[in-house]
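# Coordinate inspection notes
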Amino acid sequence: MKKIFPALILFMFSFPAAFALNFVTKVDSPAKASLSKTDWVSDTTANAVKLRGKPSRNDSICFRCYEGDFIIDSNLDARSISFYEQAFVVAENKKINSLRGGLTFVISSNPNHTNFLHLKRSEMNVNGSVFNSPTSGNKRIGMNRIRLEDSKFSASGTMDFTITSSIFEPTAGRSGVCVELVGNSVFKLKGDLLVDSILEENRNLLFRISFEESGGKMPKMVVDRAVIGGVDLKVVINSDLKKGRYTILESTGRKPLEGTLRSITVNDKPATLGTPITINGKSVTVSISAADKRTENDIIVTVQ
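Read on for a plain summary of the structure. Since we're looking at a predicted model, the values are computed, not measured.

## A few points about the nonpolar core
Core analysis: the largest hydrophobic core is formed by 72 residues, its most contacted members being Phe63, Phe153 and Phe207. Excluding its chain neighbours within four sequence positions, the residues that come into contact with Phe153 are Leu103, Leu117, Leu119, Met124, Val126, Val130, Leu148, Val186, Phe187 and Lys188.

## Considerations on unusual backbone geometry
Of note in this structure, Asp150 is not a glycine but carries a positive phi near 50 degrees. Position of Asp150 among the secondary structure elements: in the loop between strand E14 (143–149) and strand E15 (152–155). Take Asp150: its relative accessible area is 36%, and that puts it in the partly exposed class. The backbone phi angle of Asp268 is positive, close to 70 degrees, even though this residue is not glycine.

## Here's the deal with empty space enclosed by the protein
Inspection of the entire model under this criterion finds 1 cavity of 30 Å³ or more. Counted as a void, the largest cavity has a volume near 40 Å³. Ile237, Ser239, Asp240, Leu241, Ile279, Asn280, Lys282, Val284 and Val303 together form the lining of the largest cavity. Among the residues making up the lining of the largest cavity, the classes are represented as 5 nonpolar, 2 polar and 2 charged.

## Some remarks on the layout of surface pockets
For the largest pocket, the calculated volume is near 250 Å³. For the largest pocket, the lining is made up of 16 residues, of which Val27, Asp28, Cys65, Tyr66 and Glu67 are closest to its centre.

## Remarks on the sheet that holds E14
Reading across from one edge, E5-E8-E11-E14-E17-E20-E23-E25-E26 is the order of the 9 strands in this open sheet, with mixed pairing throughout. The sheet terminates laterally at strand E5 (69–72) and strand E26 (269–271), the two strands that pair on one side only. Direction aside, neighbouring strands of the sheet carry axes that sit 15 degrees apart on average. Two elements, strand E25 (residues 263–266) and E26, share 3 bridges in a ladder whose sense is antiparallel. Its bridge partner lying in E26, Val266 is registered against Lys269.

## Section: the pattern of salt bridges
In total, this model carries 13 salt bridges according to the counting rule given. Here Arg147 makes a salt bridge to Glu180, at a shortest N to O gap of 3.1 Å. Placement of the pair is Arg147 in strand E14 and Glu180 in strand E17 (residues 176–182), with a sequence separation of 33 residues. A residue is classified by how much of its surface remains accessible, and Arg147, at 17% relative accessible area, is buried. We note a salt bridge from Asp192 to Arg225, for which the minimum N-O separation is 3.1 Å. Here Asp192 is found in strand E19 (residues 192–195), whereas its partner Arg225 is found in strand E22 (residues 225–226), with 33 residues between them in sequence.

The rules behind each value
Residues numbered from 1 in each chain as written. Predicted model: local features only at pLDDT ≥ 70, side-chain atom pairs only at ≥ 80, totals over all residues. Heavy atoms only, no water. Core = buried A, V, L, I, M, F, W, Y, C linked by side-chain atoms within 4.5 Å. Buried < 20%, exposed > 50% of the residue type's maximum accessible area, 1.4 Å probe, protein only. Contact = heavy atoms within 4.5 Å. Helix = DSSP H or I, 4+ residues; strand = E, 2+ residues; numbered from the N terminus. 1 Å grid on protein atoms, 1.4 Å probe; cavity = no way out; pocket = protein on both sides within 12 Å on 5 of 7 lines; lining within 4 Å. Points joined across faces, edges and corners; volume = space filled by probe spheres on them. Nonpolar A, V, L, I, M, F, W, Y, C, P; charged D, E, K, R; others polar. Pairing = 2+ DSSP bridges. Axes fitted to C-alpha atoms, helices over the stretch in contact; angles between N-to-C directions. Salt bridge = Lys/Arg side-chain N within 4 Å of Asp/Glu carboxyl O.

Structure below.
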């Protein structure tokens, strides 16, 4: 009898997962381009089966919407969340949780296609890693974008952008990943930021991190360790930002930054590490220093 109880407990906990479904958005008209009104199908193939009902917190959700914005019009809990090739997903004043399976962006082989997650005054929590995964076997690649406006994003794992050797023809400005942080926004990874070293060789591939001041607030990215080789860093100061030091990329671990930034711009003006540039009559310097007075593995904007 003693052996029965552990088996029974295991069955009870695995029962909901065994019946978890994958729900893919099916948007036939702009009127259905929202979480509350969309139809759902079983997968992204031409043979997908229409699903009844709506996804529960034990189900996985995949966003695909080829025209216009798809609105998350209620708080959302899902087992995992993914984007497939093209979906402009917007959430305002909402809370989104990917409970177990991370967040995956499947990048299209069409350079004109973009996955776009746009959070406005919202919060997203991901239990797992953030994957930027091109479809395999294709020579070309589209774009993934994450934009936070006065929003919070956290993931318990890493964020990576790894390119397979089959991709030979990326399109300049249209192939890669952009993370855009605005105002009072924080993008936090408990793990590492990992960018493929091939970006140091192929300038048509893009991984850009943008920090845009708004209302006197500078956004921030927090990671354990950052691999920044081939990364383009963009800083935008819109108003009369107060003098001070603003940590925009904080590494909480002891390891140094790996690799060299491919480019730095401040208000679209080319800049170099440690060299002041004049913006709005003030001296602005981007440097690698120590936010915690220990390891110099943070990127800091100094306004004087």
